[in-house]
Amino acid sequence: MHFSRTARSIVLYSTALTCCSAFARTPFPKRSIVKPTSTSALNTQKRANQRTNYNRASWQNSSSSTSIMSSTASSFGTLVPKEETNVPAFLKAHPEYNGKNVTIGILDTGCDVGAIGLQSLPGAGGTKIVDVHDCTGCNDVDVSVATAKWVDGEEGSGKGWWEVEGLSGRTLKLNPDWNIGAFPAAAADEKDDEEKDEKETQETKDTEDTKTVKVRLGIKRAYELYPSKTVLNRVKSERSKQFQSAQRVHAASLRAKLEAFTQKNTGDLTPALLKQKQDWEYQLELLELGEDKMKEWADPGPLYDCIVYYDAESNEYRGIVDTSETGDLTTTPSLAPFGKAQESGTFGIVDQLNYALQIYDEGTVLSIVTDAGAHGSHVAGIAAAHHPGNELDNGVAPGAKVVSLKIGDTRLGSMETMPGLYRALLMAIKLKLDVINLSYADNVHEVNRGKFTELANEMVLKHGITFVAGAANNGPALTTVGAPGGTCEHILSIAAHVSKDMMETLYSMKEEKDAEGATFTWSSVGPAMDGANGIDLTAPGGAVTCVPTWTLQRCMLMNGTSMSSPHAAGCVALLISACKANDIPINTVRIRKALEATATNLDNLNNLQQGRGMINVPAAWDYLLKNKDDINQDVLYKVTVGASPSPLRGVYLRQAHETSHKQSVAITVAPQFGYDDLGDDDQQQKRVEFEQRITLKSDATYVDVPEKLALMNNGRTFKIEIDPTNLPPGLHTTLIMGYPYSEDGSTNGAPLFVMPITIAKPLPQTSTTNTIMELGNLNFEQPNQIHRHFLTPPESATYADIFIEDTSSDTNDKDATPRLFTLHTVQLLPSTPHRDNEKQRSLNLYPKQMTTTSIPIIGGVTLELCLARGWSTLQTPNAVNVKVVWGGVQPLPATIAIQSGQAGSTPVRLYNGLDSDVTLNPSAKLTKWKTALRPKSIGNVLPLGERDVLPSHNARIYQLITEYEYSPDKDDILKEYKLTPRVPSLNQYLYESQFFAQMVHVYDDSKKLLGVTDAFPSGITIPANSGKLTLRLQIRHEDPQALEKLNQQVLWVERTIGDVSLSIHNSHMSMVANVGTFTKRLLKRDKSTAAFVSTPTQESLGKIKGLKCGDILEGTVSYEAATSGALGGAGTRPGGYPISYVVGPTTLEKKKDESKTKDAKDERTDVQKLEEAVLKLQVDTLEKLIPSSSTTNSTKVKEEDEKFTKLYDSIWVGNEKHLPLLMIQLKKQDVETLRDDRLEQVIQASNNVLSEIDENKLALYYGGTFHDKEDAESAKERKEMDEMKGQLAEALGRKARALADIENKFLSNTTTIIDSEEKKEEHKKTTTNLTKATDIDTFDDIVKHMRNWVDIDANLKFSVLTLERERRANHPGHVLKLLNKLLEKNGEDTKGGICHISKSDIYKRRTTVLEELNYDH
């Protein structure tokens, strides 16, 4: 198993805190947090996110989760292979060198502190996992200061507690035994908003006798912590059962009410009774939800309050997560950062997810550490698991301690991110680890470059930490090693091997006498793109060992270079343990030399597959012991090919022109002493004194090397000659080795350095235009047998069809078992990851079966065609016949970019340079829509915290954050869609990136996190009604000036669209006239033709809602006619060629032929016109000064209010009866940020408007006046009456709402439904004499009166009144039904009305009603 982005899957979590209360009240039983007093007391549950894609990984469960400790274990065989590296022999001879005094860092998904096998060290050695850190920051919780007050318990009890309101709204009762002290000065100086709050300060003065303490509060959704869909679905399923059970109870009660009601009321129902029945039916709809409706009530999961405080006794920060969701923490112990005392907790019985805490940046960041998948625990188990009483299944180094450094981001399905990677290296340096393991890999554009490589080199050479990584699972073709293991020079890259014993014990394969061990078929192969070997060593690549408790099993089978890498790390730990016990100098250079010099060469593998061979621990220890006093063992020899600035690390000849003639190559060898610290006097003296006489050797006849090299500091260059001209086609590898010079010419010792030479010689071309290449019969007699062919495609070929046919002999006809093969093709281009030009396909070939694979190719560039028999295929030997057919026409240009209005300005020239004719039938379509976004404002560059300080000169990493807004079309807001944020200049670069981070967070209009993308962006699902999106781009670098240059970085938003077809024509004229299209035709050999691609039609563009000028539509174009038939191949280049279209200005719409009513005659004088125009301008200006409802800054609101009042007073004089002016005053008084203190002013302003409107006149007009639409005077009158009617309805509505708020203030319980005649009478009394302006005195009277002018039930702009009316009538079902209707558009229907009800307000109102109905499940 090895992590790869080849088939990457991202599962995203939201961080909404506003959610359906129906799920928020009944938590699962929780296990209390434990504070272990011994190793055995460690919490044994922890779980993490398994949403990862393992590249060709066998994700197999063990057949039983029962104990693996049995009396027959020894005869069964070990589940953690170790014989292959001679570990048992080493431990038998040196049991005390079992990893003791060594700490291994596991850079992975995180390790479960409760996993079986990761609990203890041998003997009384203590805890296995000594520290855990989430380096990704995905579960960071920002905590802010709040004041907790002391509350005395019951009189005489002598008990009390600290109490504070949590961010969830719960009252938190804190354990009185916590030694809560004042935060240190550094933290107190942050000047948190809560500490500056004037109200709180005044309250403190008013209650001098009340004891208070400062704590920090945060909040976290549990679903954001879960590492796996398995766990998420398990928890959701259990919660759903509880929810549905409670639903059924309430539904039964309601149905009983309805039955009793029906029996009692047998006749015609009065309106009141009918409405009561309807209300119960509405409630029943809510309780008996179907599957389609359940999504609207999606379970938000548990919501945990988080607390951080400073322990005055231990002088450390401590934290707590309220997993009970009750707020009662009076008996709950707090947790110290895990490294202090290895304290941990478990979230719940159902999830079985363990967690630990870390606290950073002076107590302002609480990190809840969980794992993001089972992978990390498994890796740790291979390296260092300890099973008391069952040593056979221990890890390689059972005595080693483990530090978990989580780099797999839970938000990204456990994929690694640069923040996780670099923070892990920094933490490894800080904690002074001995060896670290990384079982992740990725393709890169440039090898041995980037910020990560620079930091890794410093960690290895300066701080002496050995770095081991998997080679990746991208084989079997050449140059498929991944970064960083196979590309960074100071990291040990490990291939994955499967032995005969592993086949039998781990994979339950039948015993085969002739079976040989080999690397797994998918194990990546060297060389690296710069010629370095790519693979350093080989180790077993599979095991059954530890997994987190959330998997609900104790162990699991996994395989991959993810497994071989920790095996090697365990071997390194054994050697370091032995060195420490014997006071032998320890550094990565010595360890590497010992391992490489003593590795066991595997005869059936070449150096690109196995490196120097299988690790041999006893031999490596003997080497270290023998050379312990040799100071030359500390010297690293850096070998490069060619000149700066881009020297290579080996010779790699692959193209036809490279292998067709003799070459002279310059090789430079330079000694390296540590990290090149020129300020170290000892190192400088070593440089001055260094001299090494070297014998150069090569066992290849086609390589000519000089015999001697006298080497001093600063290096020497020598030349070699390589003559591949007489080599047969195929793969040829050799090494140039430099040995210490000996007078007798012997080279018995280990080489000082090696430099690889790889020659992949292509088959000769019989013709540059030939379309068929026969590779003939290929015989396969062993598992994992590989046939490699290097082919040079014709220059004009654009695709290839590969035909593979099983040609087993007749003697094998009785064997109908399919044979598993892997077909892997790769072309290499400069600065291009191999993933961009590869095809990998698994084939299950039955006898006599033929299969065809079509691949896109680049003409003239060497193509490796690698066909490998599966490693587990042990059936009868067989043979296959392979044939390659080149095809395609060569387009010029290959990439088409069309701007609006420029269709056909550059025709596409199609050339057939092959021997056979090609049938043309071009087609093009656009499938993606990209919009460019500029930042809302120039981004801020700020320094990061304590986890982001580089070791060199304490350089701090800085972060640039820029925000963008994306507003989808109004139709899109109502439905779910996918969106991919892209930053093309940064994307696709991770390990080789020159920046320390690039991430995009996407939020909806409620600031709910919808998803996260990183260097490899994938689509984020945007739920319906998400509104305007906010996108936050984060970029990190140690140089703030480098970030400043990106503070206006453009971000692209990409969406998929329905196919937009483009017509293709055979001439410019036919394209312009849109007459006919390119007809299917035959293009003869050595002939060319032209094609003209048109722009999209306006009709097709009109279907893309929200499309605007400057947007880009992207898709593909193909030219050949696709063939049909199972064996005919694709007939066209798979994937086609890229095409894009830049959208132009909006098309003018045709004017509708509508007759317009002639304006009425204006009889006003010029002076009147001017006066009314000035008044209108003043009123319009005044309206703009109304304070915004969204403004929360009280000072700003006050300033805006004063400006409005000053201008209003100046306009009002002389215009006291001007209705538009009176309406503006009413709207200003009724602004949400002001109205609570001005309800009587709102009523007065409403009365001012109402007093100027003659309702009788309006009634007479609408009751009997005929409206002639064609008559100008009639149309003018109608417009005036409609405006007055709207002003009347709005004034009545605002007055009604203000009255309701005043009335509710007089009620003793304002949230209780008015459900009795007594309460209604009390309510009536409290509202008497509130207003005398009209005969309408109460809210109910006004709402009834409004029916004359507006249907408030149908007009959602008056929804606030409908909700209040139904609440007072004790109709909660009607309230819920209306709220759900408003939620369909997030409350947008209420905008422009008397009160905008936002989405969050809808949720709050709905929660209140549900609680009042006791629907608290």
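Because the structure is a prediction, the values reported are computed rather than measured.

Peer 1: Residues and numbers for the sheet that holds strand β26 (residues 636-641), please.
Peer 2: Within a sheet, adjacent strands bond to each other through the backbone by hydrogen bonds, running parallel or antiparallel. With antiparallel pairing, four strands are arranged side by side in an open sheet as β26-β28-β32-β30. Looking at strand neighbours, the two that pair on one side only are β26 and β30 (703-704), the edges of this open sheet. Two elements, strand β28 (residues 663-672) and strand β32 (residues 716-722), share seven bridges in a ladder whose sense is antiparallel. By the bridge assignment, Ser664 is partnered in β32 with Glu721.

Peer 1: Could you give me a rundown of the nonpolar core, with the residues and numbers involved?
Peer 2: Judged by nonpolar contacts, the single largest core of 86 residues is most densely connected at Ile368, Leu595 and Trp621. The leading source of residues in this core is helix α14 (residues 561-581), at eleven residues. Residues contacting Trp621, with those up to four places away along its chain left out, are Phe90, His94, Tyr97, Leu575, Ala578, Cys579, Asn582 and Ile584.

Peer 1: Which residues make up the pattern of salt bridges, and what values do they have?
Peer 2: Tallying each qualifying case throughout the model produces 59 salt bridges. Asp1111 is the salt-bridge partner of Lys1108, the closest N and O atoms lying 3.7 Å from each other. Taking relative accessible area as the criterion, Lys1108 reaches 41% and is therefore assigned partly exposed. Taking relative accessible area as the criterion, Asp1111 reaches 2% and is therefore assigned buried. Members of the salt-bridge network, linked through shared partners, are Lys936, Glu963, Glu965, Lys1028 and Arg1032.

Peer 1: So what about the sheet that holds strand β27 (residues 651-653)? Which residues, and what values?
Peer 2: Here we have five strands laid out as an open sheet, ordered β27-β34-β33-β29-β31, and mixed in their pairing. Each edge of the sheet is formed by a strand with only one pairing partner; in this case those strands are β27 and β31 (708-712). When strand polarity is set aside, the average angle formed by the axes of neighbouring strands in this sheet is 20°. Taken together, the five bridges between strand β29 (residues 691-698) and β31 define a ladder with antiparallel strand orientation. Paired with Gln692 across the strands is Leu711, a residue of β31.

Peer 1: A description of the packing of aromatic side chains should follow, citing residues and the corresponding values.
Peer 2: All chains considered together, the criterion is met by 24 aromatic pairs. On the basis of an interplanar angle of 70° and a centroid distance of 6.2 Å, the ring pair of Phe452 and Phe467 is categorised as edge-to-face. Here Phe452 is found in helix α12 (residues 451-463), whereas its partner Phe467 is found in strand β20 (residues 466-470), with 15 residues between them in sequence. Take Phe452: its relative accessible area is 1%, and that puts it in the buried class. Ring geometry for Phe780 versus Phe821: centroids 5.0 Å apart, planes at 75°, classification edge-to-face. Of this pair, Phe780 sits in strand β35 (residues 772-780) while Phe821 sits in strand β38 (residues 819-827), and the two are 41 residues apart along the sequence. Residue Phe821 is classed as buried on the basis of its relative accessible area, which comes to 1%. In textbook terms, an aromatic cluster arises when at least three aromatic residues are bridged by ring pairs, as seen for Tyr507, Phe520, Trp522 and Trp871. Stacked on the ring of Trp1052, the Lys or Arg Lys930 has its end atom at 5.6 Å from the ring centre.

Peer 1: Got a sec to walk through unusual backbone geometry? Specific residues and values, please.
Peer 2: Here Ala483 and Pro484 are connected by a cis peptide whose omega angle stands at 5°. With respect to the helices, strands and loops of the structure, Pro484 is situated in the loop between β20 and β21 (492-498). Here Gly526 and Pro527 are connected by a cis peptide whose omega angle stands at -5°. Here Pro527 shows up in the loop between β22 (518-519) and β23 (537-540). With a phi close to 55°, Gln352 is a non-glycine residue in the positive phi region. Considering the arrangement of structural elements, one finds Gln352 in the loop between β13 (345-346) and β14 (354-360). Among the residues examined, Gln352 registers a relative accessible area of 13% and is labelled buried. Despite not being glycine, Thr479 shows a phi value in the positive range, around 55°. Its place among the elements puts Thr479 in the loop between β20 and β21.

Peer 1: Explain a positive patch on the surface to me, and be specific about the residues and the numbers.
Peer 2: Together, Lys970, Lys1105, Lys1381 and Lys1385 make up a positively charged patch on the protein surface. Structurally, the position occupied by Lys1105 is in the loop between α23 (1098-1102) and β58 (1112-1120). According to the relative accessible area criterion, Lys1105 is partly exposed, its value standing at 42%.

Peer 1: Talk me through the environment of Thr598; I want residue IDs and the actual numbers.
Peer 2: Among the structural elements, Thr598 can be located in helix α15 (residues 588-598). By relative accessible area, Thr598 is classed as buried at 16%. Thr598 sits 22 residues away from Ala620 along the chain, and the two C-alpha atoms are 5.6 Å apart. In contact with Thr598, other than residues within four places in its own chain, are Asn616, Ala619, Ala620 and Tyr623. A polar contact is formed between the side chain of Thr598 and the backbone nitrogen of Ala620, at a distance of 3.4 Å.

Rules of the game
- Residues numbered from 1 in each chain as written.
- Predicted model: local features only at pLDDT ≥ 70, side-chain atom pairs only at ≥ 80, totals over all residues.
- Heavy atoms only, no water.
- Pairing = 2+ DSSP bridges.
- Helix = DSSP H or I, 4+ residues; strand = E, 2+ residues; numbered from the N terminus.
- Core = buried A, V, L, I, M, F, W, Y, C linked by side-chain atoms within 4.5 Å.
- Buried < 20%, exposed > 50% of the residue type's maximum accessible area, 1.4 Å probe, protein only.
- Contact = heavy atoms within 4.5 Å.
- Salt bridge = Lys/Arg side-chain N within 4 Å of Asp/Glu carboxyl O.
- Axes fitted to C-alpha atoms, helices over the stretch in contact; angles between N-to-C directions.
- Phe/Tyr/Trp six-rings, centres within 6.5 Å; stacked < 30°, edge-to-face > 60°.
- Lys NZ or Arg CZ within 6 Å of the ring centre and 35° of its normal.
- Patch = residues over 30% accessible without salt bridge, like charges linked within 9 Å, V, L, I, M, F, W, Y side chains within 5 Å.
- Areas by Shrake-Rupley, 256 points an atom, 1.4 Å probe, with all protein chains shown as cover.
- Lys, Arg positive; Asp, Glu negative; His and termini not counted.
- Charge placed at Lys NZ, Arg CZ, Asp CG, Glu CD.
- Polar contact = N/O pair within 3.5 Å; in protein donor to acceptor, adjacent residues only side chain to side chain.

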